[in-house]
Structures are given as structure tokens and as C-alpha cells.
Amino acid sequence: MSSGWEHSSTARVISPARPRKLAKVPFVELADGRLQGVVSSGSDIGRVYVSSVAAGQFAYACSTNNNRPCGGARGAFCNHIRALIAEAVLQYGGERVARYLRAETEDGPQPDAHGIEAAMAASRPPQADSTAAAAVFNRFLRHLAYLELDADTAPLPEMQWFPPTRAVA
């Protein structure tokens, strides 16, 4: 007998490795070959930064939601990227983040955020362009729209293009 999720058009959600507060980094994901997400500004409540670090070469980018460059991301990881790495470790666990980014740490099987950041920074990563920022910010806004919906078990029309995970005979 199969479980209910195998017959639905939804994907399983992986629980966070540890609970995290969403005020500083409301959105973090491992997608498109990058660690990417949205980080709140420490000085302006109306501003957020879209930050990312590419897997393998660790090219980093950070810009505001209005596509202005981050002043701290000049030649090294800024505080927004450091916060993104720390929240990714809370969300996914250090081992998974390090494996996804292909960061060789000296922390053993359970690297922490500082160890992952240090391993990436040691390679003197290049600064990337912020072309992915718009797509990441758009996914964040879409994520927020789903949070505003009332709790319901009815299917969402825009999600119906996902095929069922297994056909039932």
C-alpha cells in the first residue's frame, strides 16, 4: 500500500534542520546551482537584499530589491551573504549546504556556517553579476503570496501543471 503523498500533485517538504527566525533572512534556497535568498536590510525596513553564492567557484552577488549593488560586497562576502550562509545551515544542515556548494571544510562531517564561509572565502571567489536577482526575488514574492492564502486542502490552479508523482492503475 502506498502513502497519500504518492497520489497527490504536491511535493514533500523537508523539515528544517533547526528552527530559524525569518526576520533577518525570510527566504533561502539551494537552487539553480547557487545558495540564494533574500536578506533584510539592517538599516532600512523597506529594503531587502538578494544574495547568492554559486556552487563550485563561489562567485557571489548581492544587490537590493531595486537592483542596486550592495556596498559591502566589494572583494569579499558582505554581511548579507554571511547571514544567508548561516540561515542555510539552519534550514538545510551544514553537511547538505557544504555538499551542495562543493565547499571543502575542515570541520568534518558537520560543518558550521563559519567553516563553510571560511572555506569559500579562502579561494578568493570572484564577484558575479546580479542577473539571477530578479528571478530569486520573484520566487520570494510568490512564496509570500502562498503564505497569505487561507489554509485549505483544495488544489491550487497554478500548481496543477505538476504531474502526479505516480500513476494509479
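Residues numbered from 1 in each chain as written. Predicted model: local features only at pLDDT ≥ 70, side-chain atom pairs only at ≥ 80, totals over all residues. Heavy atoms only, no water.

K.L.:
When you look at the packing of aromatic side chains in this model, what are you seeing that I'm missing?
P.N.:
Scanning the entire structure with this criterion turns up 3 aromatic pairs. Where F27 meets F140, the ring centres are 5.8 Å apart and the plane angle is 50°; that geometry is what we call tilted. Residue F27 is located in strand 1 (residues 27-31), and its partner F140 is located in helix 4 (residues 133-147); the two are separated by 113 residues in the primary sequence. Ring plane angle 85° and centroid distance 5.3 Å describe the contact between Y60 and F77, whose orientation is recorded as edge-to-face. With Y60 in strand 4 (residues 60-64) and F77 in the loop between strand 4 and helix 1 (79-92), this pair connects stretches of sequence that are 17 residues apart. Note on Y60: relative accessible area 1%, which makes it buried. (Phe/Tyr/Trp six-rings, centres within 6.5 Å; stacked < 30°, edge-to-face > 60°. Helix = DSSP H or I, 4+ residues; strand = E, 2+ residues; numbered from the N terminus. Buried < 20%, exposed > 50% of the residue type's maximum accessible area, 1.4 Å probe, protein only.)

K.L.:
Hey, could you run me through the sheet that holds strand 3 (residues 48-54) in this one?
P.N.:
Strands pair in a sheet through their backbones, by hydrogen bonds, and they do so in one of two ways: parallel or antiparallel. Here 4 strands make up an open sheet; going across it, the order is 1-2-3-4 and the pairing antiparallel. Since the sheet does not close on itself, it has two edges, and those belong to strand 1 and strand 4, each with one partner. Direction aside, neighbouring strands of the sheet carry axes that sit 10° apart on average. Across 5 bridges, strand 3 lies against strand 4 in antiparallel orientation. Along strand 4, the bridge assignment pairs S51 with C62. The strands touched by helix 4 are strand 1, strand 2 (34-40), strand 3 and strand 4; relative to strand 1, the strand with the most contacts, the crossing angle is about 125°. (Pairing = 2+ DSSP bridges. Axes fitted to C-alpha atoms, helices over the stretch in contact; angles between N-to-C directions. Contact = heavy atoms within 4.5 Å.)

K.L.:
Honestly, the confidence of the model for the protein chain in this entry has me stumped. Any pointers?
P.N.:
Low-confidence regions, as indicated by low pLDDT, have predicted coordinates that should not be scrutinised in detail. Per-residue pLDDT for the protein chain averages 82, and the proportion of residues at 70 or more is 81%. A low-confidence stretch, residues 5-11 stays under pLDDT 50, and its non-local contacts, those more than four residues away or across chains, total 12 contacts. (pLDDT = per-residue confidence, 0-100.)

K.L.:
Any chance you could explain the packing of helix 1 against helix 3 (residues 113-121) here in plain terms?
P.N.:
Helix packing for two helices is described by the angle between their axes and how far apart those axes are. Axis separation between helix 1 and helix 3 bottoms out at 9 Å; the angle between their running directions is 130°. The angle between the axes of helix 1 and helix 3 places the two elements in the oblique class. Classified by chirality, the crossing of helix 3 by helix 1 is right-handed. Residues R82, I85, A86 and V89 of helix 1 lie in contact with helix 3, whose contacting residues are A113, I116, E117 and M120. The residue makeup of the contact of helix 1 with helix 3, split by class, is 6 nonpolar, no polar and 2 charged. (Parallel < 35°, antiparallel > 145°, perpendicular 65-115°, else oblique. Left-handed = near helix turned anticlockwise from the far one by under 90°. Nonpolar A, V, L, I, M, F, W, Y, C, P; charged D, E, K, R; others polar.)

K.L.:
Is there a simple way to explain the state of the cysteines in this structure?
P.N.:
One covalent bond between the sulfur atoms of two cysteine residues makes up a disulfide. A full pass over the atoms with the stated rule returns 0 disulfides. Of all cysteine sulfurs, the one in C78 lies closest to C62, which takes part in no disulfide; the gap is 3.7 Å. For C78, a relative accessible area of 3% puts it in the buried group. (Disulfide = S-S within 2.5 Å.)

K.L.:
Can you walk me through a nonpolar patch on the surface in this structure?
P.N.:
On the surface, L141, L144 and L147 cluster together to form a nonpolar patch covering roughly 270 Å² of accessible area. You can see L147 is positioned in helix 4. The exposure class assigned to L147 is exposed, which follows from its relative accessible area of 59%. (Patch = residues over 30% accessible without salt bridge, like charges linked within 9 Å, V, L, I, M, F, W, Y side chains within 5 Å. Areas by Shrake-Rupley, 256 points an atom, 1.4 Å probe, with all protein chains shown as cover. Salt bridge = Lys/Arg side-chain N within 4 Å of Asp/Glu carboxyl O.)

K.L.:
Would you mind showing me how to read the pattern of salt bridges here?
P.N.:
Where side chains of opposite charge bring their charged atoms close, a pairing between them can arise. As enumerated under the stated definition, the model contains 6 salt bridges in all. For E29, the salt bridge is made with R139, and the minimal N-O distance between the two is 2.8 Å. Note that E29 is positioned in strand 1 and R139 in helix 4, a separation of 110 residues in sequence. On the basis of relative accessibility, which here comes to 30%, the residue R139 falls in the partly exposed class. Linked by salt bridges that have partners in common, E29, D32, R34 and R139 make up one network.

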